[in-house]
Amino acid sequence: MIPTQWFLILSAILFSIGVCGVLTRKNGITIFMSIELMVNAVNLTFIAYARQFDQLHGLIFVFFIMAIAAAEAAVGLAIFISMYHHKDSIDVDDANLMHW
Amino acid sequence: MFEYLIFFFFAAVAVIFALVVILHRNPVVGALSLVVSFFALAVMYVLLDAPFMAALQIIVYSGAIMVLFLFVIMLLNLQHEKEPSTRPVQQWLGYLTSSAFAISLVYYLGKYAVMSGALPVPFIADARAIGRRMFEAYIFPFEAVSILLLAAIVGALMLTGRSEQRENTSGEVIR
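Cut-offs used in this document
Residues numbered from 1 in each chain as written. Chains lettered and ligands numbered in written order. Predicted model: local features only at pLDDT ≥ 70, side-chain atom pairs only at ≥ 80, totals over all residues. Heavy atoms only, no water. Helix = DSSP H or I, 4+ residues; strand = E, 2+ residues; numbered from the N terminus. Rg over C-alpha atoms; globule rule 2.2 N^0.38 Å. Buried < 20%, exposed > 50% of the residue type's maximum accessible area, 1.4 Å probe, protein only. Contact = heavy atoms within 4.5 Å. Areas by Shrake-Rupley, 256 points an atom, 1.4 Å probe, with all protein chains shown as cover. Lys, Arg positive; Asp, Glu negative; His and termini not counted. Charge placed at Lys NZ, Arg CZ, Asp CG, Glu CD. Domains from an automatic or database assignment. Buried area = accessible area lost by both parts, 1.4 Å probe. Salt bridge = Lys/Arg side-chain N within 4 Å of Asp/Glu carboxyl O. Patch = residues over 30% accessible without salt bridge, like charges linked within 9 Å, V, L, I, M, F, W, Y side chains within 5 Å.

**Some words on the overall build of chain A**
Along its length, chain A carries 3 helices and 0 strands. When the helices and strands of chain A are read in sequence order from the N terminus, they spell out α-α-α. At 17 Å, chain A has a C-alpha radius of gyration far larger than the 13 Å of a compact globule built from 100 residues. Projected onto its principal axes, the C-alpha coordinates of chain A cover approximately 55 × 25 × 15 Å. Of all 100 residues assigned to chain A, the portion counted as buried reaches 61%. The contacts of chain A with a sequence gap of at least 6 include a subset with a gap of at least 24, amounting to 55%. Counting only carbon and sulfur atoms, one obtains 69% of the accessible surface of chain A, whose full area is about 3,500 Å². Between the mean site of the 4 positive side-chain charges and the mean site of the 7 negative ones, chain A shows a separation of 6 Å.

What follows is the structure, encoded as structure tokens:
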């Protein structure tokens, strides 16, 4: 049985890669994919702790996180499509006004 | 041990393809790499005795969400998008901050998150156990999530609706 700690370290590395993507990229879609990466890293932590403490609550939280991530992806990508129609760009530096 | 070999191979796959997602200029390559990374995470879930969650990961993430991403990238024709390299100082600060965050997180997890190994009883996390728990204790959040998904559908339709159509129905320009 692989120690829980190693899964936590893998999850920490993936989360940091996601943070790096959000901080350094300007393409909106890539930033969104980095957020999905962070959500998945947190899911891995939830499942690792669920096995460690023999609790099913962590797995059910992961189920809800997946549903919410799907909703978030749908609305976020709709926002980017709308922004592309208005600005012809999905560079997040171009979206510096609340109203356009 | 065979289990450790699988763990390290798929951990390396997950990390390398996650790096491709944030470093590659082409968003299509990034999206496909993210699919590979999610598959590697599904293998991790199998190693953690949660095969139902692995199936959900592949169906929901690799299947539904990433297809949505790919469709939007191809709809907006972003394959040849070139990012202008503005603000180099902030970019390097971002790399520096996130790598410092990663190093400190890994260091403290390695130092303090040492947990006992084997469980006294096998961890049962199949669809039957999860469904039983979900429809007993978590029935209200389950229904709330269904309403949230409905709200997301309506919101996405409203955001992507063209302004010409709204102009026709209401008689004035709404932007």
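**So, the domain arrangement of chain B**
Residues and elements named next belong to chain B. On domain assignment, one finds that chain B holds domain 1 (1-81) and domain 2 (84-165 + 171-175). Contacts between the two partners involve 7 residues from domain 1, matched on the other side by 6 residues from domain 2. Taking both sides of the interface into account, the surface hidden between domain 1 and domain 2 amounts to around 450 Å²; carbon and sulfur atoms contribute 69%. Together, L23, D49 and F52 form the three largest contributors to the area buried by domain 1 at its contact with domain 2, with a combined 64%. Counting the contacts that link domain 1 with domain 2 gives 0 salt bridges.

**Description of a nonpolar patch on the surface**
Residues L150, I153, V154 and L157 of chain B make up a contiguous nonpolar surface patch of roughly 410 Å² in combined accessible area. The residue I153 of chain B is located in helix α6 (residues 139-160) in this model.

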